[in-house]
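Analysis of the macromolecular model
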Amino acid sequence: MTKPLLILIAGPYRSGTGGDPELIAQNLARLEEVSGPIFRLGHVPMIGEWAALPILRTLDAVDAGEGDVMYETAHRLLQHCDAVLRLPGESAGADKDVEIAKERGLPVYRSLEEIPPASTP
């Protein structure tokens with residue numbers, strides 16, 4: 001048993017989509033599919049795009065073009081996360097999230113079954 005963790009869900013978002021909005025939406029849905037089970041384990045799921053997309057909508061084209069808001073948001077979130085769940089699929093961003101998590105000494109889970117349940121208050 002463990003305290004509730006803030007778990008970043010990392011996996012393909014734009015990768016393999018060729019920029020197709022429908023495929024991107026399918027990738028986001030795959031990331032979101034594990035949020036409920038993580039919550040049921042007593043933890044708080046987080047997906048970088050949940051935070052980054054509203055930021056992108058509020059920046060003008062010049063601000064949004066300076067650096068990659070998606071990657072930068074995920075990297076900032078990792079300063080607050082307790083663990084990462086890396087979902088299957090090619091993704092340079094998710095691989096970078098794993099690298100940062102390992103540098104910080106955070107656990108990196110590869111499946112829901114690896115995530116320990118949180119202790120209940």
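Let me sum up the structure you'll find in this document. (Residues numbered from 1 in each chain as written. Predicted model: local features only at pLDDT ≥ 70, side-chain atom pairs only at ≥ 80, totals over all residues. Heavy atoms only, no water.)

Another aspect to go through is the sheet that holds strand E2 (residues 44-46). Across the sheet, four strands lie side by side as E2-E1-E3-E4; this open sheet has parallel pairing. Whereas interior strands pair on both sides, the edge strands pair on one side only; in this sheet they are E2 and strand E4 (108-109). Sheet analysis places strand E3 (residues 83-86) next to E4, joined by two bridges and oriented parallel. Looking at the pairing, Leu85 lines up with Tyr109 of E4. (Pairing = 2+ DSSP bridges. Helix = DSSP H or I, 4+ residues; strand = E, 2+ residues; numbered from the N terminus.)

Another point: the nonpolar core. Side chains that are nonpolar tend, in soluble globular proteins, to be buried together. One finds Ile7, Ile9, Ile38 and Leu85 to be the most contacted residues of the largest nonpolar core, which totals 18 residues. Listing elements by their share of this core, those giving two or more residues are strand E1 (6-10), helix H1 (21-33), helix H5 (69-77) and E3. Counting 13 residues, the second largest nonpolar core, distinct from the first, contains Leu8, Leu77, Val98 and Leu106. (Core = buried A, V, L, I, M, F, W, Y, C linked by side-chain atoms within 4.5 Å. Buried < 20%, exposed > 50% of the residue type's maximum accessible area, 1.4 Å probe, protein only.)

A few words on the environment of Thr73. Tracing the backbone shows Thr73 in helix H5. Considered as a pair, Thr73 and Trp50 are 23 residues apart in the sequence and their alpha carbons are 9.7 Å apart. Residues within four places of Thr73 in sequence aside, it is in contact with Gly48, Ala51, Ala52 and Ile55. (Contact = heavy atoms within 4.5 Å.)

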